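Close look at the chain arrangement
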There are 2 protein chains.
Amino acid sequence: MNVYLHKNAMHTKTEKQRQIIEAAIELIAEKSIQQLTIKNLAKKLGVTDGALYRHFNSKIDILLGILHMFQAEARENLEQVKKSRLPALQQFEDIFLYRLKYFTQRPAVAAVIFSESIFQNDVRLTRAVNEFLTMHEDTLRIIIERGIRKGEIRKGILIDETIYITIGSMRYLVTRWRLKGRDFDLYEKGVQLLGNLKELLKC
Amino acid sequence: MNVYLHKNAMHTKTEKQRQIIEAAIELIAEKSIQQLTIKNLAKKLGVTDGALYRHFNSKIDILLGILHMFQAEARENLEQVKKSRLPALQQFEDIFLYRLKYFTQRPAVAAVIFSESIFQNDVRLTRAVNEFLTMHEDTLRIIIERGIRKGEIRKGILIDETIYITIGSMRYLVTRWRLKGRDFDLYEKGVQLLGNLKELLKC
DNA sequence: CTTATGTAAGTAAACATTCACATACGGAAT
DNA sequence: ATTCCGTATGTGAATGTTTACTTACATAAG
């Protein structure tokens, strides 16, 4: 294995790196992001601590690996929806539901994306979270503007505020779901929320 | 000082306890919640680590002290607004702006309230954050229901979803403000957001 | 004289990271 | 095929740092 290329540059990922990232995601989902330690991760993989450092330079690089994976998948969805020539409200729904499903099926994603408070001390992690959010904001803005131009979305709305409302309400819903020990059906509640949001946008 | 009463029961707080809490809030605001360590806090107060343990049993008790302080102030505001016989939309605005000002003027409040990911491993902290949120949700629900009955708020709205939208969008606005290094006027943006939210509620 | 408060030094645990050494493995040379 | 060698991968123990927290002792105050 070319150490330089994979451990440092990391445009692509080796099979082992993918396995480690996958185990890390599981660990976060089962325990919590606080329990994602090198020791726990190595134990889960049945290896010793040192072995992980053959594949990643640092723990932060593992976290970045997770974030980049999510980001790549999210970007694909956003681009695909943007390209589709569906009505703006349908595109809005597609993005909303895709993300909602993702949070429901992979609770670790939410755990990571919502951990700004833990990442605060690292520039790269902060930047990655920031990019993830900005990416969603930008796509929503394009879709909403297009919808307004095509007369599918109400002209009077304030775009920035609508974006904050959309992303913020989903985030809060997921936060509540997690804080309350997942005692309600996230997807169902999310669909109701979506209905409400679409009402705001409709002409 | 009666150690048992103040260190353990803590219905009231001594002057020293208040000073420590105040210093902790400042520390969080200046640095971050990650930098709130016993050592840093003691240094800020010009004492040694051990001295803090004369006033609090653990670091978690200090954090709980902060949360309880915020909670008490928030509760006072919520109760006062609820008692006032102002129109529902005005009450909604009062609560929204009170909280927005609080976040603007005391950024540490947001840092603490938004740190669920860090608190996950402690039951008491999780519960305190939960209570804080529930308190706001409950008050908003009462105000909105009352507004609907009095014909001041649109009948068709879904109450739960509206609450998620309100709290979620403010949280996200503050999160963005913090992540972007406070590069926009939080209060101004918040007022715009409020305008948008009031539109949803209006008949 | 008793109690509250502070200090200095230390403890123990958790954590990320490193390093000297061992093994496994694939291809090249014999 | 067998030997040989370089590289990739893993191990076990150790390192150094950062934590919260403790304890024996001192001082101040009422």
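Residues numbered from 1 in each chain as written. Chains lettered and ligands numbered in written order. Predicted model: local features only at pLDDT ≥ 70, side-chain atom pairs only at ≥ 80, totals over all residues. Heavy atoms only, no water.

Each helix and strand in chain A was counted, giving 11 helices and zero strands. Overall, chain A shows an N-to-C arrangement of helices and strands of α-α-α-α-α-α-α-α-α-α-α. Taking the principal axes of its C-alpha atoms as reference, chain A extends roughly 60 × 40 × 25 Å. With 203 residues in all, chain A has 53% of them scored as buried. Across chain A, the fraction of contacts at a sequence separation of at least 24, relative to all contacts at a separation of at least 6, is 66%. Approximately 9500 Å² of chain A is accessible, and the part contributed by carbon and sulfur atoms is 52%. In chain A, which carries 33 positive and 24 negative side-chain charges, the distance between the mean positions of the two groups comes to 2 Å. (Helix = DSSP H or I, 4+ residues; strand = E, 2+ residues; numbered from the N terminus. Buried < 20%, exposed > 50% of the residue type's maximum accessible area, 1.4 Å probe, protein only. Contact = heavy atoms within 4.5 Å. Areas by Shrake-Rupley, 256 points an atom, 1.4 Å probe, with all protein chains shown as cover. Lys, Arg positive; Asp, Glu negative; His and termini not counted. Charge placed at Lys NZ, Arg CZ, Asp CG, Glu CD.)

All right, on to the packing of aromatic side chains then. The way to describe two aromatic rings as a pair is by their centre distance and the angle between their planes. In total, this model carries eight aromatic pairs over all chains according to the counting rule given. Ring geometry for Y98 of chain A against Y102 of chain A: centres 5.8 Å apart, planes inclined by 65°, an arrangement best described as edge-to-face. Here Y98 of chain A pairs with Y102 of chain A, and both are found in helix α6 (residues 88-105), just four residues apart, close to one helical turn. Assessed through its relative accessible area of 27%, Y98 of chain A is described here as partly exposed. Ring-pair connections join several aromatic residues into one group, and the members of that group are F70, Y98 and Y102 of chain A. Directly above the ring of F103 of chain B sits R99 of chain B, whose terminal nitrogen or CZ lies 5.4 Å from the centroid. Across from the ring centre of F114 of chain B, 4.5 Å away, lies the NZ or CZ of R171 of chain B, which sits over that ring. (Phe/Tyr/Trp six-rings, centres within 6.5 Å; stacked < 30°, edge-to-face > 60°. Lys NZ or Arg CZ within 6 Å of the ring centre and 35° of its normal.)

A few words on the domain arrangement of chain A. Residues and elements named next belong to chain A. By domain assignment, chain A separates into domain 1 (1-57) and domain 2 (61-201). In this structure, domain 1 and domain 2 have C-alpha centres spaced 27 Å apart. Contact with domain 1, which involves 16 residues of that partner, is made by 15 residues of domain 2. Buried area between domain 1 and domain 2, summed over both chains or domains, comes out near 1200 Å², and the portion from carbon and sulfur atoms is 80%. Looking only at domain 1, the three residues that lose the most surface to domain 2 are I21, I25 and I33, adding up to 38% of its buried area. Linking domain 1 with domain 2 are one salt bridge, by the criterion used here. Of the charged contacts, one joins E22 and R106 as a salt bridge, the two residues approaching to 2.6 Å between their closest N and O atoms. For the side of domain 1 that touches domain 2, the elements supplying multiple residues, two or more each, are α2 (15-30) and α3 (38-45). (Domains from an automatic or database assignment. Buried area = accessible area lost by both parts, 1.4 Å probe. Salt bridge = Lys/Arg side-chain N within 4 Å of Asp/Glu carboxyl O.)

A word on the relation of the copies chain A and chain B. The transformation that overlays chain A on chain B combines an axial shift of 0.0 Å with a rotation of 180°, and the residual RMSD is 0.0 Å. Interpreted geometrically, this transformation is the action of a two-fold axis. Using C-alpha coordinates, one finds that chain A approaches the rotation axis most closely at G168 of chain A, a distance of 2.2 Å. (Least-squares fit on C-alpha atoms with pLDDT ≥ 70 in both.)

All names here are of chain A. The topology assignment puts L27 in helix α2. Exposure remark for L27: the relative accessible area of 4% places this residue in the buried category. Expressed as a C-alpha distance, the spacing of L27 and L41, which sit 14 residues apart in the sequence, is 7.2 Å. Apart from residues lying up to four places away in sequence, L27 is in contact with S32, Q35, L36, N40, L41 and K44.

On average, chain A scores 93 in pLDDT, and the residues at 70 or more come to 95%. For chain A, helix α1 (residues 3-9) of chain A is the element with the lowest average pLDDT, namely 57, and α3 of chain A is the one with the highest, namely 98. (pLDDT = per-residue confidence, 0-100.)

Moving on to the interface of chain A and chain B. Frequently, the measure chosen for interface size is the accessible area that the parts lose on association. Each partner contributes residues to the interface: chain A has 41 residues there, and chain B has 41 residues. Where chain A abuts chain B, roughly 3500 Å² becomes buried across the two surfaces, and 55% of that area is made up of carbon and sulfur atoms. Together, Y164, Y172 and L179 of chain A form the three largest contributors to the area buried by chain A at its contact with chain B, with a combined 21%. Run the count over chain A and chain B and you get four salt bridges. A salt bridge links E137 of chain A to R176 of chain B; its shortest N-O distance comes to 2.8 Å. Put simply, chain A and chain B have 17 residue pairs in polar contact (both at pLDDT 80 or more) between them. For the side of chain A that touches chain B, the secondary-structure elements that each account for two or more residues are α8 (116-119), α9 (123-149), α10 (159-179) and α11 (186-201) of chain A. Tallying contributions element by element places α10 of chain A first for the side of chain A that touches chain B, with 15 residues. For the side of chain A that touches chain B, the residue count by class is 17 nonpolar, 15 polar and nine charged. (Polar contact = N/O pair within 3.5 Å; in protein donor to acceptor, adjacent residues only side chain to side chain. Nonpolar A, V, L, I, M, F, W, Y, C, P; charged D, E, K, R; others polar.)

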